[in-house]
Amino acid sequence: MRTLLINLVALLLLAACGTREKEISGPVLFDATRDYPEKQLLLDEVADITYVPLSSETDSALFRGTLAHVSERTVTIHDFPRGIFYLFDRSGRYLSSFNHKGQGPEDYNFLITAFVDEARGELFAIEKNRIQVYDLKGDYRRTLRLPDGAWVYEAADGGDGSILLVDNQERTAALYAGMVDANAEEYEQPFVRISKEDGSLISYITVPKDFSVDLTATLQTAGISAKLTGPMHRLVSHRDGLLLTNQETDTIFLYAHDQLEPRMIHTPAVKEMSEKSFLNGYVEAGDYLFFEKVIVKAVENRRLPVPSVYYLYDKRENQFYEQSVGMRDFEGKRIDLTPKIIQPSRDARLGCLLLTVDELQTANADGKLSGELKRIVDEMPEDSNDLLMLMRFK
């Protein structure tokens, strides 16, 4: 009997080990010059999906905008051209909307991003070199003034009363010297932690950098030359901390407990490539790391003129594939899993995407929807908001 019990315990331990996610030993090396086979997956194989209809019962709730932030209890939409913020709860109920776009001291003009701190009941609207803070009804509270030479590119709630910023000033100065005031006060490093209360500097996070490497592509059209940059995420949420990278130096680092650990490396070195490419961090789901390779070239007559190729790394097989992720209830819909999909939540486990009313109604008319998604679209009123899809990664 005792032997039988020991064997049973051993079998249970083996089963538990078999279901545990495979740990990665050392950094993953990605050869950007190779071609990889395609692996097809369905989204619900790597994520639990929830659809959230966002209320359109009143004219004030109707929006055309993008996801700014999805927090534990709040969904924030920003209409960039008009400057309007729309706030909903996580069930889709309309809460409030406000607009402070303008030139006044309590206004914002050109926003980079925004996030909600629910514990403080505040929305932080981030511009290039200042942050405007409002309550969740839109009443002005304070301004966090940053150095005049700051060039904020990304920002996220740092917790513990702080905000994490990615400052683009040093990179901009290296590539576009005429755009930067050399005498203006500036940050010393691209990764900066500041106070939520007054914007004062708390600390820097030092990450290897080499901004002499140019990752812009030149597009010639109608006799005009323009420099373009593809999607670039230097600050990406990770289950154990943050993924930080200066793409010019090839390596994606995990930042946790005040330490940097290399997690993925682009090979060959970006600076040595004739046609350059770079990586943007990754999204971890189940047995896979999902990421994109951005190719530094400009393509005319393309919606996104700087192209990307989408990949996954299979941790169990130790193999790379081009990703092809579809939806079980939306025939023909492809979901590109990249850091962009977790950017609104700043939660490595939560992907967020707006499915537009137009694409849903067209797909429904063509018989491409099924299940709960079809039921929701069938019941949509004539004037509806886009549908929020949340993906809880396994």
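Above this note sits the structure.
What counts and what doesn't
- Residues numbered from 1 in each chain as written.
- Predicted model: local features only at pLDDT ≥ 70, side-chain atom pairs only at ≥ 80, totals over all residues.
- Heavy atoms only, no water.
- Pairing = 2+ DSSP bridges.
- Helix = DSSP H or I, 4+ residues; strand = E, 2+ residues; numbered from the N terminus.
- Buried < 20%, exposed > 50% of the residue type's maximum accessible area, 1.4 Å probe, protein only.
- Polar contact = N/O pair within 3.5 Å; in protein donor to acceptor, adjacent residues only side chain to side chain.
- Contact = heavy atoms within 4.5 Å.
- Patch = residues over 30% accessible without salt bridge, like charges linked within 9 Å, V, L, I, M, F, W, Y side chains within 5 Å.
- Areas by Shrake-Rupley, 256 points an atom, 1.4 Å probe, with all protein chains shown as cover.
- Salt bridge = Lys/Arg side-chain N within 4 Å of Asp/Glu carboxyl O.
- Lys, Arg positive; Asp, Glu negative; His and termini not counted.
- Charge placed at Lys NZ, Arg CZ, Asp CG, Glu CD.
- Axes fitted to C-alpha atoms, helices over the stretch in contact; angles between N-to-C directions.

Things to note about the pairing of strand S27 (residues 330-334)
Consideration 1: Pairing of strand S26 (residues 319-327) with S27, which is carried by 2 bridges, proceeds in the antiparallel orientation. If you follow Met-327 over to S27, its bridge partner there is Phe-330.
Consideration 2: The hairpin formed by S26 and S27 contains 2 residues between the paired strands.

Remarks on unusual backbone geometry
Consideration 1: With an omega dihedral of -5 degrees, the bond running from Thr-267 to Pro-268 counts as a cis peptide bond.
Consideration 2: Position of Pro-268 among the secondary structure elements: in the loop between strand S21 (259-267) and strand S22 (277-279).
Consideration 3: Backbone geometry places Asp-250, a non-glycine residue, at a positive phi of 80 degrees.
Consideration 4: By secondary structure assignment, the location of Asp-250 is in the loop between strand S19 (241-244) and strand S20 (251-256).
Consideration 5: In this structure Asp-250 comes out as buried when scored by relative accessible area, which is 16%.

Let's talk about the side chain of Ser-384
Consideration 1: Positionally, Ser-384 belongs in the loop between helix H4 (371-378) and strand S29 (387-393).
Consideration 2: Take Ser-384: its relative accessible area is 4%, and that puts it in the buried class.
Consideration 3: Only 2.6 Å separates the side chain of Ser-384 from the backbone oxygen of Pro-381, close enough to count as a polar contact.
Consideration 4: Discounting residues that sit within four places of it in the chain, Ser-384 has contacts with Ser-56, Leu-62, Arg-64 and Val-357.

Comments concerning a positive patch on the surface
Consideration 1: A cluster of basic side chains, namely Lys-297, Arg-302, Arg-303 and Lys-340, defines a positive patch on the protein surface.
Consideration 2: Position of Lys-297 relative to the elements: it lies in the loop between strand S24 (288-295) and strand S25 (308-314).

Brief notes about the sheet that holds strand S5 (residues 74-79)
Consideration 1: The sheet built from 4 strands is open, its strands ordered S4-S5-S6-S7 with antiparallel pairing. The two strands at the open ends of the sheet, each matched to only one other strand, are strand S4 (66-70) and strand S7 (94-99). With direction set aside, neighbouring strand axes in the sheet form an average angle of 20 degrees.
Consideration 2: Pairing geometry for S4 and S5, over 4 bridges, is antiparallel. Each residue of the ladder has a partner; that of Leu-67, found in S5, is Ile-77.

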